[in-house]
Amino acid sequence: MPKDVMRSLQLNDQGQLRHFLSLDNLPGALLTEILDTADSFLEVGARAVKKVPLLRGKTVCNVFFENSTRTRTTFELAAQRLSADVISLNVSTSSTSKGETLFDTLRNLEAMAADMFVVRHSDSGAAHFIAEHVCPNVAIINGGDGRHAHPTQGMLDMLTIRRHKGQFENLSVAIVGDILHSRVARSNMLALKALGCPDIRVIGPKTLLPVGVEQYGVRVYNDLSEGLKDVDVVIMLRLQRERMQGGLLPSEGEFYRLYGLTEQRLRHAKPDAIVMHPGPINRGVEIESAVADGPQSVILNQVTYGIAIRMAVLSMAMSGQTAQRQMNQDAEEHA
Ligand code: CP
């Protein structure tokens, strides 16, 4: 989809968020607004009563066609903390398993008057398809589509970096591992660029780097120690076996030997570098336990920040949809 079409699909006539499908072509100012809004929601999670009434009377429907631990549960918690009613469709026990199409499943959910859908699907572009063809007045939030995009993961990663490093302007950030199959890598590269990070590095074997990855404004390294030199942030990625076709790697042992993040390798980064990972982590494949559980790891902080980011995205998209409906109504009345 052309970038300007994507942008107009995601934003209303006043430039407010309406759907959240991808970070492609979203302005840095909007990403900063999401981070600022999420910052204000972090405090809600520390209260005795973890609720604000922003989405009272609204219904959020989680429709996950692919497995998830972190994204699904943190979207549920986020919607609950905003006082929405929340339905989570378990696709493995739904009528999808009896042959119902994605289109028909969503039409039925639409008929139940849901206001927002959070969708995860193994096909790249599934969330866009729904936003374009199925639900004109319902906000669609992408919870991860194929290898294309995972925009809320990208934003929770940015919140983690900002909270630990304060800004993006002077940072060196390395993204390590299976870049080729990773929707997280793509969302992170776009977000870091939009927020002004000057040194974004991708590190991995040639077989796991997309052709033309330099177009994202990143520097490419095939050697882990060289790529980690003096970085402030290390983002590790797992091998996405479910999306690999053919033998892209000799073995997991060989991958760990060359690209696994060990305490020894981490010494190439700055002494105060943080280590991130979107999860699920595979210990002894891309990361050593001593690093995953060590003092530089902020992997579990990422999960906590994910609730605040999802609260921000849900509330902002709901406001953008409501504002667009009002604008359409005003235009009709004056026509
Ligand atoms: N990071 C992430 O998307 O994790 P889940 O697959 O558990 O949601």
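Residues numbered from 1 in each chain as written. Predicted model: local features only at pLDDT ≥ 70, side-chain atom pairs only at ≥ 80, totals over all residues. Heavy atoms only, no water.

Asks: I would appreciate a short explanation of unusual backbone geometry in the present structure.
Replies: For residues that are not glycine, phi is negative in most cases, and the peptide bond is trans in most cases. With omega at -5 degrees, the peptide bond leading from Gly279 into Pro280 counts as cis. Within the secondary structure layout, Pro280 lies in the loop between strand 9 (274-276) and helix 11 (289-292). Positive phi is not limited to glycine here, since Ala113 has a value of about 65 degrees. Secondary-structure assignment places Ala113 in the loop between helix 4 (102-111) and strand 3 (116-121). For Asp230, which is not glycine, the phi dihedral falls at a positive 65 degrees. Along the chain, Asp230 turns up in the loop between helix 8 (224-228) and strand 8 (233-236). (Helix = DSSP H or I, 4+ residues; strand = E, 2+ residues; numbered from the N terminus.)

Asks: Help me out: how do you make sense of helix 7 (residues 183-194) in this one?
Replies: Helical geometry note: an α-helix holds 3.6 residues per turn, so side chains three or four residues apart project in the same direction. Its 12 residues give helix 7 an end-to-end C-alpha distance of 17 Å, which sits within 8% of 16 Å, the value for a rise of 1.5 Å per residue. Counting buried residues in helix 7 gives 10 out of 12 residues, a clear majority hidden from the surface. Taken together, the buried positions of helix 7 are Arg183, Val184, Ala185, Arg186, Ser187, Asn188, Met189, Leu190, Ala191 and Leu192. A side-chain oxygen of the first residue of helix 7 lies 3.2 Å from the backbone nitrogen of Val184; this N-cap is Ser182. Taken from the residues just after helix 7, Gly196 is the one with a positive phi, measuring 95 degrees. (Expected span 1.5 Å × (residues − 1). Buried < 20%, exposed > 50% of the residue type's maximum accessible area, 1.4 Å probe, protein only. Polar contact = N/O pair within 3.5 Å; in protein donor to acceptor, adjacent residues only side chain to side chain.)

Asks: Looking at this structure, how should I read the pattern of salt bridges?
Replies: Working definition: two side chains of opposite charge can pair if their charged atoms are close together. The full count for this structure, using the stated rule, is 15 salt bridges. Across the pair Arg186 and Asp24 runs a salt bridge whose closest N-O atoms are separated by 3.4 Å. With Arg186 in helix 7 and Asp24 in the loop between helix 1 (3-10) and helix 2 (28-42), the pair connects residues that are 162 residues apart, well separated along the chain. Across the pair, Asp24 and Arg186 agree in class, each one buried. Of the charged contacts in the structure, one is a salt bridge between Asp232 and Lys270, with a shortest N-O distance of 2.9 Å. With Asp232 in the loop between helix 8 and strand 8 and Lys270 in the loop between helix 10 (263-266) and strand 9, this pair connects stretches of sequence that are 38 residues apart. By relative accessible area, Lys270 is classed as partly exposed at 29%. Put simply, Asp36, Asp39, Arg162 and Arg163 are held in one network by salt bridges that share partners. (Salt bridge = Lys/Arg side-chain N within 4 Å of Asp/Glu carboxyl O.)

Asks: It is not clear to me how the site of the ligand should be interpreted in this structure. Could you clarify?
Replies: Taken together, Ser68, Thr69, Arg70, Thr71, Arg120, His150, Gln153, Pro278 and Gly279 are the residues near the ligand. Within the contact set of the ligand, an oxygen atom lies 2.9 Å away from a backbone nitrogen or oxygen of Arg70. At a separation of 2.9 Å, an oxygen atom of the ligand approaches a polar side-chain atom of Arg120. Against a free-state accessible area of 260 Å², the protein chains account for coverage of 91% of the ligand. When atom positions are compared with the pocket grids, the ligand is found to occupy the largest pocket. Residues that form the shell around the ligand fall into these classes: one nonpolar, six polar and two charged. Counting contributing residues per domain, the shell around the ligand is built from domain 1 (3-149 + 303-333) and domain 2 (151-297), each supplying no fewer than three. (Near = heavy atom within 4 Å. Areas by Shrake-Rupley, 256 points an atom, 1.4 Å probe, with all protein chains shown as cover. 1 Å grid on protein atoms, 1.4 Å probe; cavity = no way out; pocket = protein on both sides within 12 Å on 5 of 7 lines; lining within 4 Å. Sits in = over half its atoms within 2 Å of the grid points. Nonpolar A, V, L, I, M, F, W, Y, C, P; charged D, E, K, R; others polar. Domains from an automatic or database assignment.)

By themselves, these figures tell us nothing about what the structure is for.
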